[in-house]
Amino acid sequence: WLRPENAMWRAANCRAMEDLEFREPSLDISCGDGLFSFYMAGGRTDPAFDIFHATENLENFFNNADIYNATTDTYSPPVVEHPDRNITVGTDWKADLLDKADELDFYKELVEHDNNDPLPFEDNRFKTVFSNSTYWVENIDMHLSEIKRVTHPDGKIYLVLKLSYITNWLDKLWEEHEEFLGSEVIEIIDRGRSQNKKHLHTNEGWKERLEDAGLEVVDSRTTATQLHTRMWDIGLRPISPFLIRMANGLPPAERTAIKEEWVDTFETLLAPFAYPEVEYRDRQAAEKVFILEPGE
C-alpha cells in the first residue's frame, strides 16, 4: 500500500499471466518472499498484513540497500485464502527472503541459490519454470542454458524480462535535463535502478538470446509499457522509507484504518492502469513475459 505504483505493476503482470498453466513439479527462480507468486496463484492475506512491518536498514535506502531482505520473529503472513495450487521448489540467494517465503506454506521446498552458479537440480525435472528476475543474472547465458536443462521436454518456461525501452525515460532525464534538474534529483529518482538492469534487449534481441540458449519462443505478452515505467520510476518510491517509518509508528488500529482508506483511494486511481495494455496510450512494451519451451 505504501508503494502503490508497485501494486499497479504487479496487477498488470498478474492479468497478463492469469491463464498460464503451472504444472508440477514447478520451479520459481528468485522467488524472494514468495508473495508475488502466492497472490498470482490466488492466495490472499488478511488486509491488516503488509511487507512493511518487516524491513530494516531504512537509513541506507538511498545507498541502494535492500530494505526488504529482513525478517522478524513475529513475521507470519495471516493467510485467509490458500492458492489453488502450490509451487514445488522456490530458490533465492537471500536467506531472509526465503524465511519469509517459508511462512506462506506455498512452496514444498526452498533452496538458497545464486543464479550465477548452475542450478542444483537434475536434468528434465520441472514441468513449469518461472522467473521474473532472469535479466539480473550476470552470467545470463549459462543461466538460460541451465533453465533449459532442468525443464522437462514437455514443460513450459515463463520468463518476465525487461526490454530496453524501460530505461528510455531515465536516460532522457540524464541526457536532456540534468542541467535543469541537477544530478541529485535524478539520482534520487534512479537510486541505482539503471545500474541494476544488467541485461536489457529489444523484443527481437531477447528472442535471439533465448533461441541461442536453445529455448523456443512460443509466445510473448506485454506485462507493462512505457506508461507503467514512468509512473513506477517516481511513484512514492523516493519517500517510501519515511512513509514506512511513519506508518510503523502508528497504533495498530489507526494504521489499519488509514491503510483501508489509502488502498481504496489508490485502487480507484490506478485500476485503469492495472492492465498490461491500455488503449489510450503508447503501447511500446517495457516488459514482457516470454512463453518458452526447451528446444531440441
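Rules behind the numbers
- For every chain, the first residue of the written sequence is number 1, and numbering continues from 1 onward in sequence order.
- With pLDDT at 70 or above as the cut-off, local features in this predicted model cover only qualifying residues; side-chain atom pairs require 80 or more to be listed or tallied, and sums for whole chains, interfaces and linings still use all residues.
- Water and hydrogen atoms play no part in the side-chain values, which are based on all heavy atoms of the structure.
- A simple rule labels every residue: compare its accessible area, found with a 1.4 Å probe on the protein chains alone, to the largest value its type can have, and call it buried under 20%, exposed over 50%, or partly exposed in between.
- The secondary structure listing takes helices from DSSP runs of H or I that are at least 4 residues long and strands from runs of E that are at least 2 residues long, numbered from the N terminus.
- Strand pairing is assigned whenever DSSP detects at least two bridges linking the two strands.
- Here, nonpolar core refers to any group of buried Ala, Val, Leu, Ile, Met, Phe, Trp, Tyr and Cys residues whose side-chain atoms link them within 4.5 Å.
- We call two residues contacting when some pair of their heavy atoms lies within 4.5 Å.
- Only the stretch in contact is used when a helix axis is fitted, and all axes are lines through C-alpha atoms; the angle between N-to-C directions ranges over 0 to 180 degrees.
- Think of the arc as the fan of directions from the helix axis to the C-beta atoms.

K.L.:
When you look at the pairing of strand 1 (residues 26–29) in this model, what are you seeing that I'm missing?
P.N.:
In regular strands, side chains alternate between the two faces of the sheet. Residue alternation in strand 1 divides its side chains into two sets, Ser26 and Asp28 and Leu27 and Ile29, and both sets are buried. Judged from the four bridges that link them, strand 1 and strand 6 (residues 126–131) form a sheet pairing that is parallel. Counted as the bridge partner of Ile29 is Ser131 from strand 6. As paired elements, strand 1 and strand 4 (residues 87–92) share two bridges and run parallel to each other. Bridging from a neighbouring strand, Leu27 pairs with Val89 of strand 4.

K.L.:
For this particular structure, what's the right way to read the nonpolar core?
P.N.:
Generally speaking, soluble globular proteins have nonpolar side chains that are buried together. If you look at the biggest cluster of nonpolar residues, it comprises 25 residues, and the most contacted ones within it are Leu27, Phe121, Leu159, Leu210 and Leu292. Here this core takes four residues from helix 4 (residues 140–150), the largest share from any one element. Look past the residues within four positions of Leu159 in its chain and what remains in contact with it is Ser131, Thr134, Leu144, Ile147, Leu210, Lys288, Val289, Phe290 and Leu292.

K.L.:
What should I look at first to understand the packing of helix 4 against helix 8 (residues 203–212) in this one?
P.N.:
Between two packed helices, the angle of one axis relative to the other and the distance separating the axes together describe the packing. Running from N to C, helix 4 and helix 8 cross one another at 60°; their axes reach a closest spacing of 9 Å. Mapping the contact onto sequence places Ile140, Asp141 and Leu144 in helix 4 and Trp206, Arg209 and Leu210 in helix 8.

K.L.:
In this structure, what is going on with helix 3 (residues 95–102)? I would like to understand it.
P.N.:
Think of an α-helix as turning once every 3.6 residues; residues three or four places apart then point the same way. Of the positions making up helix 3, those classed as buried are Leu97, Leu98, Lys100 and Ala101. Projected onto a plane normal to the axis of helix 3, the buried residues spread over an arc of 155° and lie on a single side. Residues of helix 3 that are buried in the fold lie against strand 4 and strand 5 (107–112).

These results come straight from atomic positions and should not be treated as a statement about function.
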